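# Topology and contacts: notes
For reference, the chains in residue letters:
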Amino acid sequence: MKPRPSRSAELARRIAAFRIRDLPPEVVAQAKLCLLDTASAMLVAASPRYSAGRLVMAFTRRLGGRPEATLVGQGVKTSAVNAALANGTLAYYCDIEPHHAAAVLHAPAVLVPASLAVGEAERAPGARVLGALVLGIEVACRVSVALDPTSLYERGFHPSAVCGAFGAAAAAGHLLRLPAERQAIALGLALQQASGLLAWAEDPTEHSRPLNPGLAARNGVTAAALARLGFGGPPAPFDGRYEAFTAFSGAGNPEALLAEWGRRFYTAELAFKRYASCAFTHPGLDALLGLAADAQLIARDVERIVLHFPKRGAHVIDGHPLKSHNAQYVLPVGLVFGRVTIDDILGDRIRHPEVARLAAGMTLVHDPALDAEYPARYPSVIELHTRDGRILVRRVDAAKGTPDDPLTPAEVRAKFDALTATVIPRARAAAIAAAVAGLDRAARVSRLATLLRARVGARRPA
């Protein structure tokens, strides 16, 4: 009787056997929306007005490399590995791209850049690039759920970075047509490189935060490229003495790596953001803005904001040093301006007197009564204490844009148009959207890559 293959070997076998033709049409459609949404995040972040994008592109140009893959918004190409690093940094910089709630993971910020870079370098058909994107998201999310993202956070690891590297190795391996035994090595080499700490919380520039997905994209692409050349590596990263569970979380659910493969698709569960901030703040923002609209309140009518959030995740947004993750900054900005935009996060509104007043008086309650649904959902309860003595309360379990309350394709497209209007002409935005919509029928990904490569600049929306 043949011994049962290890979970690592079985995962590699399933990655090698993956074909886009086996996906349900709704998953392919969701992948296109994910690509479109992430493309808008990269294009906006490529604007020279934002320092992290400007600096990572300068670094990439200095590295040089064979011109085979697009640098978004820069008018030039570089190596696939360097493009994955630079574009991955862009994709997470504005904190406006899709994410998976239960996996607590910004998989598209890693997988869109990795898939596009390798796909362009390999002159791959559009359908194969789209399939690589789906496969990479599936693997990254499965690794995060298997390791347990809450445990990763508690140890100071960033799931998007650690787990994203495995997803990028799978996506690149698919595009490089690695057989199962080589794909297993690629996953092992991803384990060797998987990294990314939450130490970016102490970096007020917000540079090292988006670098983490860039590192994951680069490391996964590197792992697959080395494996194709015959480089050796650990063949079983999820088994044995030095497996990923012991290294990264000390906990986990290994069965999640393979459970419901081909039946459950994490890509179909992605959430699309309406605000440029940590997803943990979005249910609270929906509750806050909904209450204010229904009661016809403006900021000066509110004495105090109280947010109740699941105890296990509250530390991520309670008094966080970075504006993108600080609930006491994000919610007052939302109430004062009616939205939270990229410039609110990469700029600073704390000098606004009403933002400063509300931020100073806001309370965040670490509420264990809300833990039951976390992290699949981020239930949030807002209390608005008004100056005329009322206390208005609203609970939102899942923000608008999540699978529980999804954005329509038209709403995702409207978001794309609104974001890209600040950096590219309307005609180019329409051409990008058309190229994404027809990607599964395109002989090459080169048309989309060319459109993304052209330079961006500051523009006034038409």
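The present account deals with the structure reproduced in this document. (Residues numbered from 1 in each chain as written. Predicted model: local features only at pLDDT ≥ 70, side-chain atom pairs only at ≥ 80, totals over all residues. Heavy atoms only, no water.)

The next point concerns the side chain of Thr 78. Along the polypeptide, Thr 78 turns up in strand β2 (residues 77-78). What makes Thr 78 buried here is its relative accessible area of 3%. One polar contact links the side chain of Thr 78 to the main-chain carbonyl oxygen of Gly 64, over a distance of 3.1 Å. Once you skip the residues sitting within four places of it in the chain, Thr 78 turns out to touch Thr 60, Gly 64, Gly 65, Arg 66, Pro 67, Glu 68, Ala 69, Leu 71 and Ala 83. (Helix = DSSP H or I, 4+ residues; strand = E, 2+ residues; numbered from the N terminus. Buried < 20%, exposed > 50% of the residue type's maximum accessible area, 1.4 Å probe, protein only. Polar contact = N/O pair within 3.5 Å; in protein donor to acceptor, adjacent residues only side chain to side chain. Contact = heavy atoms within 4.5 Å.)

Attention now goes to the pattern of salt bridges. One pass over the structure, following the stated rule, counts 26 salt bridges. A salt bridge links Arg 228 to Glu 122; the nearest nitrogen and oxygen atoms lie 3.3 Å apart. Residue Arg 228 is found in helix α10 (residues 208-228), and its partner Glu 122 is found in the loop between α5 (107-121) and α6 (126-147); the two are separated by 106 residues along the sequence. Here Arg 209 makes a salt bridge to Glu 206, at a shortest N to O gap of 2.6 Å. Through salt bridges that share partners, Glu 373, Arg 377, Arg 395, Asp 397 and Asp 404 make up one connected network. (Salt bridge = Lys/Arg side-chain N within 4 Å of Asp/Glu carboxyl O.)

Within the secondary structure, Val 393 sits in strand β6 (residues 391-396). Separated by 85 residues in the primary sequence, Val 393 and His 308 place their C-alpha atoms 11 Å from one another. The contact partners of Val 393, leaving out residues within four places of it in the chain, are Leu 291, Val 381, Ile 382 and Glu 383.

Attention now goes to the layout of surface pockets. There is about 270 Å³ of room inside the second largest pocket. Considering only residue class, the lining of the second largest pocket consists of eleven nonpolar, four polar and seven charged. (1 Å grid on protein atoms, 1.4 Å probe; cavity = no way out; pocket = protein on both sides within 12 Å on 5 of 7 lines; lining within 4 Å. Points joined across faces, edges and corners; volume = space filled by probe spheres on them. Nonpolar A, V, L, I, M, F, W, Y, C, P; charged D, E, K, R; others polar.)

Once that is clear, we can look at the state of the cysteines. Within the structure shown, the criterion is met by zero disulfides. Free of any disulfide, Cys 34 has its nearest neighbouring cysteine sulfur in Cys 141, separated by 9.6 Å. On the basis of relative accessibility, which here comes to 0%, the residue Cys 34 falls in the buried class. A disulfide-free cysteine, Cys 278 has its sulfur positioned 15 Å from the sulfur of Cys 94, the nearest such atom. A relative accessible area of 7% means that Cys 278 is categorised as buried. (Disulfide = S-S within 2.5 Å.)

What follows deals with the side chain of Asp 367. Position of Asp 367 relative to the elements: it lies in strand β4 (residues 363-367). Arg 395 provides the closest opposite charge to the buried, salt-bridge-free Asp 367, at an N-O distance of 7.4 Å. (Lys, Arg positive; Asp, Glu negative; His and termini not counted.)

This part covers the sheet that holds strand β5 (residues 380-386). Within a beta sheet, neighbouring strands are joined by backbone hydrogen bonds and run either parallel or antiparallel to one another. Across the sheet, four strands lie side by side as β4-β3-β5-β6; this open sheet has mixed pairing. Edge positions in the sheet fall to β4 and β6, since each of these pairs with one other strand and no more. Sheet twist, expressed as the average angle between the axes of neighbouring strands with direction ignored, equals 20°. As paired strands, strand β3 (residues 302-310) and β4 are joined by five bridges and run parallel to one another. Of the residues in β4, the one forming a bridge with Pro 310 is Asp 367. (Pairing = 2+ DSSP bridges. Axes fitted to C-alpha atoms, helices over the stretch in contact; angles between N-to-C directions.)

For helix α12 (residues 282-294), spanning 13 residues, the distance from its first C-alpha to its last is 18 Å, which sits close to the expected 18 Å at 1.5 Å a residue. Summarising burial for α12: eleven of the 13 residues are buried, a large majority. Of the positions making up α12, those classed as buried are His 282, Pro 283, Gly 284, Leu 285, Asp 286, Ala 287, Leu 288, Leu 289, Gly 290, Leu 291 and Ala 292. Positive phi appears at Gln 296, one or two residues downstream of α12, with a value of about 55°. (Expected span 1.5 Å × (residues − 1).)

A few words on helix α19 (residues 446-453). Owing to its 3.6 residues per turn, the α-helix aligns residues three or four sequence positions apart on the same side. Among the residues making up α19, those that are buried are Leu 448, Ala 449, Leu 451, Leu 452 and Arg 453. Buried-residue contacts for α19 involve α2 (25-45), β1 (69-70), β2, α5 and α18 (426-437).

This brings us to the environment of Arg 7. Note that Arg 7 resides in helix α1 (residues 7-17). Classification of Arg 7 by relative accessible area gives partly exposed; the value is 29%. Taking the C-alpha atoms as reference points, Arg 7 and Pro 237, separated by 230 residues in sequence, lie 9.1 Å from one another. Once residues lying within four places of it in the same chain are set aside, the contact partners of Arg 7 are Phe 238, Asp 239, Phe 245, Pro 254, Leu 257 and Leu 258. A polar atom in the side chain of Arg 7 sits 2.8 Å from the backbone oxygen of Phe 238. Here the side chain of Arg 7 touches Asp 239 through a polar contact of 3.4 Å, side chain to side chain.

Another aspect to go through is the packing of aromatic side chains. A complete count under the given rule lists eight aromatic pairs for this structure. Plain terms: the ring middles of Phe 157 and Phe 248 are 5.1 Å apart, the flat faces sit at 80° to each other, and that makes the pair edge-to-face. Placement of Phe 157 in the loop between α7 (149-154) and α8 (159-175) and of Phe 248 in helix α11 (residues 244-248) is noted, with a sequence separation of 91 residues between them. You can call Phe 157 buried: its relative accessible area is 17%. Overall, Phe 248 belongs to the buried group, its relative accessible area being 7%. Aromatic rings pair up to connect Phe 280, Phe 309, Tyr 374 and Tyr 378 into one cluster. The residue whose ring lies beneath Arg 209 is Tyr 92, and the NZ or CZ to ring-centre distance is 4.9 Å. Across the ring face of Phe 337, the terminal group of Arg 349 is positioned such that the distance to the ring centre comes to 5.8 Å. (Phe/Tyr/Trp six-rings, centres within 6.5 Å; stacked < 30°, edge-to-face > 60°. Lys NZ or Arg CZ within 6 Å of the ring centre and 35° of its normal.)

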